[in-house]
Each structure stands twice: as structure tokens, then as C-alpha cells.
Amino acid sequence: MPFVLLVVALLGGGLISLLLLNSALNEGSFQLSKLKKETTALTDEEQALQRDVDGYSAPDALQRRAHELGLVPGGSPVFIGADGKVAGAVSTAEAPPPPSPPPTAQPAPGQSATPAGAPSGAPAPAPVPAPAGRAPAASGAPGSPNPAAPDPAAQDPAAQGPSSGPGGTPQPPQQQPSPTPGR
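Since the structure is predicted, the reported quantities are computational estimates derived from the model, not experimental observations.

Caption draft 1: Main features of the overall build of the protein chain. Helix and strand counts for the protein chain come out as three helices and four strands. Of all 183 residues assigned to the protein chain, the portion counted as buried reaches 3%. Expressed as a percentage of contacts within the protein chain between residues at least 6 apart in sequence, the contacts between residues at least 24 apart total 22%. Accessible area of the protein chain: about 15,600 Å², with a carbon and sulfur share of 64%.

Caption draft 2: Representation of the pattern of salt bridges. Summed over all chains, the structure comprises one salt bridge. For the salt bridge of Arg-65 with Glu-68, the shortest nitrogen-to-oxygen distance reads 3.4 Å. You can see Arg-65 and its partner Glu-68 sitting in helix α2 (residues 59–68), three residues apart, about one turn around the helix. On the basis of relative accessible area, Arg-65 is assigned to the partly exposed category, the value being 47%.

Caption draft 3: Summary view of the confidence of the model for the protein chain. Mean pLDDT over the protein chain stands at 73; residues scoring 70 or higher make up 56%. Averaged pLDDT values over the elements of the protein chain bottom out at 47 in helix α3 (residues 152–155) and peak at 95 in helix α1 (residues 2–56). Below a pLDDT of 50 lies the segment residues 152–165, which in the model reaches 14 contacts outside its immediate sequence neighbourhood of four places, other chains included.

Caption draft 4: Highlighting the environment of Ala-87. With respect to the helices and strands, the residue Ala-87 is situated in strand β2 (residues 86–87). On the basis of relative accessible area, Ala-87 is assigned to the partly exposed category, the value being 43%. Separated by 10 residues in sequence, Ala-87 and Pro-77 place their C-alpha atoms 8.8 Å apart. Contacts of Ala-87, omitting those with residues within four sequence positions, involve Pro-77, Val-78 and Phe-79.

Caption draft 5: Representation of a nonpolar patch on the surface within the structure. Among the surface-exposed residues, Phe-3, Val-4, Leu-6, Val-7, Val-8, Leu-10 and Leu-11 lie close enough to one another that they form a single nonpolar patch of about 700 Å² accessible area. Mapped onto the elements, Val-8 comes out in helix α1.

Procedures and definitions
Residues numbered from 1 in each chain as written. Predicted model: local features only at pLDDT ≥ 70, side-chain atom pairs only at ≥ 80, totals over all residues. Heavy atoms only, no water. Helix = DSSP H or I, 4+ residues; strand = E, 2+ residues; numbered from the N terminus. Buried < 20%, exposed > 50% of the residue type's maximum accessible area, 1.4 Å probe, protein only. Contact = heavy atoms within 4.5 Å. Areas by Shrake-Rupley, 256 points an atom, 1.4 Å probe, with all protein chains shown as cover. Salt bridge = Lys/Arg side-chain N within 4 Å of Asp/Glu carboxyl O. pLDDT = per-residue confidence, 0-100. Patch = residues over 30% accessible without salt bridge, like charges linked within 9 Å, V, L, I, M, F, W, Y side chains within 5 Å.

Pasting the structure below:
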């Protein structure tokens, strides 16, 4: 009789220990599944943020944002050596001249200069002057920047004409870097 009780106790203890081990493994499996889902969500978020960073760091986006902030291109670089000697010509950066507004169409003889929706006795609205250093907005509120209509002269160096270098000699336009670096 004691031998049978010993065998039953060992079998019962073994079954209980297998049940506890199985529960611990299942708990680990659920935790692993939860962590995999969290990793996938974080990876997706990281990729979305990387796309945003790539969009903001593209050369055309940087140029447009700098233009909106009123920044102008710098001149040639100046270096200060270890002995305090200045290499290069010091000059201040100047804003490029604003692009000339497109010519306005003159009304044909016999037509009024008032807009179509305005009463014929009302004066034509005066154009709002743009702030210094910015191109006039094509649409939207007066004075607001229009990202859909970038300044063509600021984006095409060939449209600005050849720049003159030291001594007044014309220099060829510089090649713009590719917007997608080596991918």
C-alpha cells in the first residue's frame, strides 16, 4: 500500500509540474506575440517618420522653406586659417532681385477694367504689394506664400543668366545635386 501511494504521488506531482510548465510556455508565447505586434507597429511608425524626414530634407523642399523664411544664398566661402589669416573675399549675402511681375492684359477698347462680379461703378481693386524678398502670391490670402507656385527663377539657375566670377568673367551654371542620393 505505501508503494502505490508513492507512485500515485509521483504521478500527480509530475502532472502538476507539466501543467505549470505548459502554462509558463503559453504565457511566454502570448507575450512574444504581443511584442511582435508592437515591433511591427513601431517599424511602421519609424518608416513613416523617415519618409517625412526624407521629404523635408529634399533639396527643393529645403530651398522652398528657406525662401519662405527670407533666407538668401550665401556667396563664396571664406576660411580663417590657424594663424588667423583670412582666405577668400569677405562679402555680405544679398537677396536676389524679385522676379518681375507678368505683364497684365490691358482691356480692349470698350471694355471696363472692373472684375466680372463687381458692379460697374465700383473701382477696380488695387493690387496688394508683396513684402520685400518674396514673390507675390498667385492665389489665396494676400501676402501668403503659395507653395504650389514656386519662383521659377529661384529653381532654374539657367533662367537667372550666367553669374560673373572674380574679375567679371562669366562662369557656367553649377550642376544641382540629385534629389535622390545613391539609393
